[in-house]
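# Structure at a glance
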Amino acid sequence: QVQLVESGGGLVQPGGSLRLSCAASGNIFSIYAMGWYRQAPGKQRELVAGITSGGRTNYADFVKGRFTISRDNAKNTVYLQMNSLKPEDTAVYYCNANLLLRTMAQGDYWGQGTQVTVSS
């Protein structure tokens, strides 16, 4: 019923930048919060950044000042601009959306993940 499709991952050198995108589609009535999580090998999935439908944002301490989350409500799309990337940012990045379907069911949905590798 709902698809979250991520793009923009890849290999980048330390200090470089990447921009992730996540587009939601399907039987969607309204999207509330959207966010980005990441999971490195052997570690638990952790919140990177979140944004409400009104544009209020929150960030994990380890990305403050380096990453910026934004969204285009008309396109049901959330972005993550990642600057000054570090090797420890290497992980699979997942998009998350809390949304309301046209059936009036509400729930959390996840993308398939996109690999970000920071290495020289």
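Residues numbered from 1 in each chain as written. Predicted model: local features only at pLDDT ≥ 70, side-chain atom pairs only at ≥ 80, totals over all residues. Heavy atoms only, no water.

### Thoughts on the state of the cysteines
Disulfide: a covalent bond formed between the sulfur atoms of two cysteine residues. Enumeration according to the criterion identifies one disulfide in this entry. Residue cysteine 22 pairs covalently with cysteine 95 via a disulfide, S to S 2.1 Å. Since a negative S-S torsion denotes a left-handed disulfide, the cysteine 22-cysteine 95 link at about -80° is left-handed. Of this pair, cysteine 22 sits in strand β3 (residues 18–26) while cysteine 95 sits in strand β9 (residues 91–101), and the two are 73 residues apart along the sequence. In this structure, cysteine 22 and cysteine 95 share a single accessibility class: buried. (Disulfide = S-S within 2.5 Å. Helix = DSSP H or I, 4+ residues; strand = E, 2+ residues; numbered from the N terminus. Buried < 20%, exposed > 50% of the residue type's maximum accessible area, 1.4 Å probe, protein only.)

### Focus: the sheet that holds strand β8 (residues 77–82)
In spatial order, the strands read β1-β3-β8-β7; together these four strands make up an open sheet with antiparallel pairing. Strands at the two margins of the open sheet, each flanked by one partner only, are β1 (2–7) and β7 (67–72). Adjacent strand axes in the sheet meet at a mean angle of 15°, parallel and antiparallel pairs treated alike. Taken together, the six bridges between β1 and β3 define a ladder with antiparallel strand orientation. Of the residues in β3, the one forming a bridge with valine 2 is glycine 26. (Pairing = 2+ DSSP bridges. Axes fitted to C-alpha atoms, helices over the stretch in contact; angles between N-to-C directions.)

### Examining the pairing of β7
On any regular strand, side chains alternate: one points to one face of the sheet, the next to the other face. Only one face of β7 is buried, namely the one carrying Phe67, Ile69 and Arg71, since none of Thr68, Ser70 and Asp72 on the opposite face is buried. As defined by bridge partners, β7 adjoins β8 across six bridges and the pair is classed as antiparallel. Directly across from threonine 68, in β8, lies its bridge partner glutamine 81. Counting the residues between successive antiparallel strands, the hairpin from β7 to β8 contains four residues, one of them, asparagine 76, with a positive phi of roughly 50°.

### Points about the side chain of threonine 114
Structurally, the position occupied by threonine 114 is in strand β11 (residues 114–118). A polar contact is formed between the side chain of threonine 114 and the backbone nitrogen of glycine 9, at a distance of 3.4 Å. Once residues within four sequence positions are removed from consideration, threonine 114 is found in contact with Glu6, Gly9, Leu20, Ala91, Val92 and Tyr93. (Polar contact = N/O pair within 3.5 Å; in protein donor to acceptor, adjacent residues only side chain to side chain. Contact = heavy atoms within 4.5 Å.)

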